[in-house]
Structures are given as C-alpha cells and as structure tokens.
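# Structural overview for review
Residues per chain, in single letters:
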Amino acid sequence: MKTESTGNDDILELLSRRDEVADDVERRGEVVVDRTETAELTRHRRVHVVESESSETLPRSTYESERRRRTLRPNRWEHAPSKFRSKDIDYVTDESPDECSGCGGAGRTPCPTCDGSAEETCPDCDATGVVDCEGCGGAGRNDCSTCHGSGTVTERVDRPCGQCDGNTSIRCPSCLGDDDDCLKCTGDGVVSCPRCRGRGTETEARDRRCGNCEGTGWRTCGDCGGEKTQRCGRCEGGGHITCRECSGAGDVECERCEGDGETVTATLGTMAFSSSKEFEVDAAHVPESRFKKTDGDGVSTTCPVDGDRPPAENWSGTHLYRHETSRSNADCQHLVYAYDDDRYTASLVDGELRYDDFPNDPDHLDEMISSALNRGYFDLLSPTDDPDGVAAAFRRAVGDAVKFLLVSALAFGALFAATTLAGADLFTAVGVVVLALVAVAVAAILVGDRDYSGHGTDRSSPVCSPLDFAPSALAGLGAALTFVLDVGSVQDRWLVVAFAVGLWAAHGRRWLDFEARRLAFRSARRAALLDRLTTDEETLSKFALGDRLPPANPTPGAWFYDRSSTAVFTVGWMGSAVCFAAALVAGGDGGTATGAANGVLSLLAVLAVAVAVALSTVLLGESDD
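Residues numbered from 1 in each chain as written. Predicted model: local features only at pLDDT ≥ 70, side-chain atom pairs only at ≥ 80, totals over all residues. Heavy atoms only, no water.

Our next topic: the overall build of the protein chain. Within the protein chain, the regular secondary structure consists of 11 helices and 22 strands. Taking all 625 residues of the protein chain together, 39% fall into the buried category. Of the contacts formed within the protein chain by residues at least 6 apart in sequence, a portion of 79% connects residues at least 24 apart. When the accessible area of the protein chain is evaluated, it comes to approximately 34,100 Å², of which 49% is carbon and sulfur surface. (Helix = DSSP H or I, 4+ residues; strand = E, 2+ residues; numbered from the N terminus. Buried < 20%, exposed > 50% of the residue type's maximum accessible area, 1.4 Å probe, protein only. Contact = heavy atoms within 4.5 Å. Areas by Shrake-Rupley, 256 points an atom, 1.4 Å probe, with all protein chains shown as cover.)

Before going further, it helps to spend a moment on the pairing of strand β2 (residues 30-59). Of the pairings in the sheet, the one linking β2 to strand β20 (residues 318-339) comprises 20 bridges and is antiparallel in character. From the neighbouring strand, V49 faces β20, where its bridge partner is H319. Across 20 bridges, β2 lies against strand β18 (residues 262-282) in antiparallel orientation. Note that in β18 the partner of L58 across the bridge is V264. (Pairing = 2+ DSSP bridges.)

Turning our eyes to something else, we now look at the packing of aromatic side chains. By the definition in use, this model includes seven aromatic pairs. The interplanar angle of 85° and the centroid separation of 5.7 Å between the aromatic rings of Y355 and F358 together place this pair among those described as edge-to-face. Residue class for Y355 comes out buried when judged on its relative accessible area of 1%. These aromatic residues form a ring-pair network of at least three members: W77, F273 and Y321. Here R76 stacks its cationic end above the ring of Y91, 5.2 Å away from the centre of that ring. Over the ring of Y377 we find R525; its NZ or CZ atom is 4.3 Å from the centre of that ring. (Phe/Tyr/Trp six-rings, centres within 6.5 Å; stacked < 30°, edge-to-face > 60°. Lys NZ or Arg CZ within 6 Å of the ring centre and 35° of its normal.)

With burial as the criterion, each face of strand β22 (residues 352-355) is covered, one bearing E352 and R354 and the other bearing L353 and Y355. By the bridge criterion, three bridges tie strand β21 (residues 342-349) to β22 in an arrangement that is antiparallel. Note on β22: the bridge partner recorded for L348 is L353. Between the end of β21 and the start of β22, which pair antiparallel, lie two residues, with D350 showing a positive phi angle near 55°.

As a further point, take helix α4 (residues 362-374). Given a rise of 1.5 Å per residue, 13 residues ought to cover 18 Å, and the 18 Å separating the end C-alpha atoms of α4 matches this to within 8%. Three or more residues of α4 are buried, namely H364, L365, I369, S370 and A372. Where α4 ends, the next residue or the one after it, G376, has phi of about 70°, a positive value. (Expected span 1.5 Å × (residues − 1).)

Let's shift gears to the nonpolar core. Within the largest apolar cluster, 16 residues are counted, with the highest numbers of intra-cluster contacts made by I11, L15, V25, Y337, A346, L353 and Y355. Where this core is concerned, the elements lending two or more residues are α1 (11-16), β20, β21 and β22. Of all the elements, α1 adds the most residues to this core, at four residues. Excluding residues that lie within four positions of it along the chain, V25 makes contacts with L12, L15, S16, Y337, Y339 and P359. (Core = buried A, V, L, I, M, F, W, Y, C linked by side-chain atoms within 4.5 Å.)

The next thing to look at is the side chain of R354. The topology assignment puts R354 in strand β22. Within the local environment of R354, its side chain forms a polar contact with the side chain of E352, the two groups lying 2.8 Å apart. (Polar contact = N/O pair within 3.5 Å; in protein donor to acceptor, adjacent residues only side chain to side chain.)

With that settled, consider the side chain of T93. Tracing the backbone shows T93 in the loop between β4 (87-92) and β5 (98-99). Of the polar contacts made by the side chain of T93, one reaches the side chain of E95; its length is 3.2 Å. When neighbours within four sequence positions are excluded, T93 is seen to be in contact with Y63, R73, A266 and T267.

Moving on: the pattern of salt bridges. A complete count under the given rule lists 33 salt bridges for this structure. Salt-bridge contacts for E20 lead to R18; the nearest nitrogen and oxygen are separated by 3.7 Å. Across the pair R60 and E64 runs a salt bridge whose closest N-O atoms are separated by 3.8 Å. Within this pair, R60 and its partner E64 are both found in helix α3 (residues 60-69), separated by four residues, close to a single helical turn. Overall, the relative accessible area of 26% leaves R60 in the partly exposed class. We classify E64 as partly exposed; its relative accessible area is 37%. Salt bridges here are not isolated pairs; linked through shared partners, they connect D24, R27, R28, D340 and K542. (Salt bridge = Lys/Arg side-chain N within 4 Å of Asp/Glu carboxyl O.)

We now examine a nonpolar patch on the surface. There is a patch of nonpolar side chains on the surface, built from L477, L481, V484, L485 and V487 and spanning about 480 Å² of accessible area. Relative to the helices and strands, V487 is located in the loop between α7 (469-484) and α8 (490-532). (Patch = residues over 30% accessible without salt bridge, like charges linked within 9 Å, V, L, I, M, F, W, Y side chains within 5 Å.)

Chain-level statistics for the protein chain give a pLDDT mean of 79 and a share of 75% at 70 or above. Per-residue pLDDT stays below 50 along residues 445-457; that stretch engages in 33 contacts with residues further than four places along the chain or on separate chains. pLDDT under 50 marks residues 609-625. Its contacts with residues more than four places away, or in other chains, come to 29 contacts. (pLDDT = per-residue confidence, 0-100.)

Moving on: a negative patch on the surface. A surface patch of like charges, here negative, comprises D19, D23, D363 and E367. By the secondary structure assignment, E367 is in helix α4. A relative accessible area of 54% means that E367 is categorised as exposed. (Lys, Arg positive; Asp, Glu negative; His and termini not counted. Charge placed at Lys NZ, Arg CZ, Asp CG, Glu CD.)

Turning our attention to the environment of G129. Relative to the elements of secondary structure, G129 occurs in the loop between β7 (119-121) and β8 (130-132). Excluding residues that lie within four positions of it along the chain, G129 makes contacts with Q230, R231, C232, C235, G237 and G239.

It is worth spelling out unusual backbone geometry at this point. Following T555, the chain continues into P556 via a peptide bond in cis, with omega recorded as -5°. Among the secondary structure elements, P556 is positioned in the loop between α9 (537-542) and α10 (558-587). One non-glycine residue, A127, lies in the positive phi region at around 70°. Structurally, A127 is set in the loop between β7 and β8. Accessibility expressed as a relative area gives 36% for A127, which makes it partly exposed.

Moving on, we come to the environment of A283. Turning to its location among the elements, A283 is positioned in the loop between β18 and β19 (297-306). With 246 residues separating them in the primary sequence, A283 and E37 have C-alpha atoms 7.6 Å apart. Not counting chain neighbours up to four residues away, the residues in contact with A283 comprise E37, A39 and F291.

Below, the structure is given as structure tokens:
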C-alpha cells in the first residue's frame, strides 16, 4: 500500500505526482465514485486468564522442590501481570508431610523380585543347577569327525588292470600282432594298454567300516561324557544367584516416597495469562486495509475491565482479566476512477494518500527494468567466477571416479559369486551383473545428489562448471588412444571406455541441471519483479517492455532440461554398464552357446530399458513451470 502525507484533497492530482503512476492519470482518469466520510477506528487490548490444577501425591523432597519453584496458591493473583502482557504463574498449596503409606516411613520396601531373600532363580538353569552340554547340544554324542556320521570311509586300492591283466600292454588291435610293418605298433605286435595307460594297475574305490567310531557314525561327547548336561556356570550349580534388582540387599527404595519416608498430597496448578489485540474499522466505503492503527484523532481510551478476578475461588473456562478500548475518528475520502478501461481505487485518510493498484507509468517501468538488468537481477551466480573453481571441479571428478570404482568392485564381486560360487556360465553371469547395474542406475537417478531445485529465487550456484568437462575430455581422449595405439589388453581398453562414458554422463547431467535451474530462477525473478512493480504481463505488452525481460515460459522450459538430464544420465550410465560388461567378457575364457545367447539378450534388455526410461522421462513428463 502506497502512502503520501499531504493536505490536498485532489486524489488524482496527488497520484499523478508519484513516479510509478502514469503522469496523465489526472487528465485521463475519469472519476466513477467519490465519497467522503468519517470512519470510527476502535482498538482493543485484552488479557484473558485460564487456570488448570490437579491434586498429586509427591515425595517430600519433590514437594519441597516444587514449593521453592512455585508461588503459594493464595498469593497467585499478586503475581498477575500489571500491563497487557502474557505470563504463566505456577502455584502450589501449603501442605504438611505425612508418613508414606507404601513403606510405613522406612523409605524402603521388600524387593519384588526376591521377596526379601536377596537371591533369585538362575535364569540359565531355572534352579536345576545344570544346563544342556554346549559341546553336543544336549545329545550326549557328536558326529564322527572321520566319517562325518556315515559309519564308513572310502579308500582307494590298486588292482590288476582288467584289460591287460597287469601286463601293461595288449595285442595291437590294428594288426593283431601279425604285421611287421604296422604303423600303430611299429611291428612289435603289442601296444600300451589304453585302460591303465601302461601302469598295469587301476585304482578302485572301496567302502570300509570307520575305525574311529566302529561304524556307528558318532562319538561320545568329550565335554559331558555322554551325560548330556553340565553344571551351570552362572550359579555354579546352586540354582540361585544374587538378586540383580536389589543387589542382594533384600529391599529396594520405596517408589511412592522415593526413599524419603514421607509424602505430601498437594494441589499444583497454573494460571496462564494471554494478551491479544484487535483493530476494528467502521467505514462505509473505504476498505479496512487502507487504515493503520495510528490513524485518527480525538482518541478516547477507556478500561472497562482492569484486574478483574473470578467471583469464585474455584472456577473453570476463560476469564477476561483486563480490557482496554481506544476509539478515534479519521476523515476519509474514497475515489474509484477509470483509466484505459480499467478501474482503480485510492483513498485519503487524514490527508494521507493510500492505494494498492494504479495505472503504471511506462518511463518508470522502463527505468526499473533497466536497473534490474544492469544489476544482474536475473543472473544466476556463475560457478566459473569462483576462484576455487578448478579445485572444486577436480574434487567432483575424483568423487565420480571413486563412485565408478565402487560400482566396478561390486560388479566384479557379483560376477565372481555367479561364476565361481554358483557355477554359472560366464556370459550368463555377465548378463545378470549388467541387469543388476540397471537397478543401481535407477537408484542413482532417484536419490542422486542433484542440484536442480525447481522454482525459486535462491542465487546460490549449483555444483556445475565447464571445467567439469576437462576430466571427461581427457578420459575420452585416453580411451581413443588405447584402441589406436593398441595399449594394454582388450579388457583394459573397454574398462577405460566405460569410465569415460560414465564421466560424460555424470558431467552432462550436471550441466543440464544447471540450465534447468537457471531457467527456473529467471522465470521466478521475472514474477517477483512484476509483483514489486505492481504490474502485469498485459501492461508490459502494452508498453512493449515484455521482450526486455527473460521469457515467463521459455521454450524449451526448465522441466525439459530437467528430464533431459535424467535421460542423458540414464543412457550414458547404461552405455558405461554395457562397456563394462564387454570388458568382463573380453577378460573371460568364453562360454557356451546358450550362455552367450543369454548374455546378448541381457545386453539388449539393458539398452531397451535405457531407451525406454529416457523417452518416457523426456516425452511423458509433465511440465513444472
């Protein structure tokens, strides 16, 4: 609400003097309504009081503490606020202590756990003094360590070969020993026995009774000697232990009096005084928002209620303790005028001009817009101006590298578990690992450290800089050189490619996030400036000033860059995962045709998921502008 002190009653003339109001409003403004009245302004100040109390039985020491902290109940009104202030008054009644009914004044009661015996049942053996043997679990015996419970052991023995009968050779199957020119036996007529490979013996597995357990499959437990139980180590076989609640004393502190031996039954309460203000305007035409509490003259103040106490000692509800009323009269003139087919209002209250809306002055709007542009009002702070920009970019690159190494370690661990521990085919394992990386990528998209925060006027810079692309460019150049110069193994080259693709995806997402936030920031700043200048888009268009400001709804908008960053990160991360999978395959020793087919299908599934996520993110997302 604009104000200007004056004694002149010509409202349109006063408006034309204001910088932000059109200069010709006095000449072109057409009065629609012009009324003069005297408004009655009333100001109320009140103090209400609410009392709440309860009767409680307290230990003597607790009561004495409350007695020092609180005021006595009969004196509570003496501490009531003297002015229109809020205040809480805690009070207590003056009582004498009595002997505690819970302990008879002793301050201690028999322990509820041991009932005064100072001992409690051992929780481990339940008073039996023995527990199941830990060595055999109460069975009294254990599986034989030699035969593992089967009762038999397998041994390997040599016996004469069944094909050559121990002769180590057999008659040549090609010439049957009759051809001196036979190539297979070189004329010897015999060849080495293929069954025993010329050893004359072959190994045979035979089961025999285990000698350690005599074929029973078990051995008597060495800890309990077959008794199945052991002496309880907690109670040493006694069945009872020292009571933990009373530490063997047999009694505990009385809960009612907390060991004092005396209690006090007293009334504790609180009187809460709360102050409030109210401003009333009795005006027929002038809006209430045009008045201030200091307006008016001839102020008359009365205090119809001052320090009033409730009539009864015990009362409930809310009571009006103090009330002050001030009344004054303000001379007002209210004007409704038309300008360019729009209607506006302005008022004079005690000679002071007040208005909320008005026809804008184009020169003033142009000046304010120029000032905002020159001050960089619409510019998001650039990270390239940061003197620590190089170091910050380096730290972010190191962070990306650490994340890549962690994911690589997890992928290698999953591959090792699938191939070595689970016995899966290499290609099948690669497909499973890459599909697992898809889940990691989706999680990174959902909970990643993104800096885009939608609309807002916060000028703090997001974590983004053109310097971030330097590590990505170096990584891409290094990946290309490894293939051109044939550096390292194929697996090493694909790992470098995977790392480079991952860096490009991360840094590309950061840059698109920065653009999304920049557009959202400029749109929010435009709206804030129009609100400050009390103007709208239609007025800007009328004065041809709209093009000087950033667009209200840029195309493409912030939401497009936001979703594009997600798409770039998704496709790039999936590409990194595929390159990583190629490195794993290149470093393996092949696999079956079925496994290879599964691996190819898995890679195709990864690419399909990446493309689907990217398209749905960019094309199906709703605008946030």
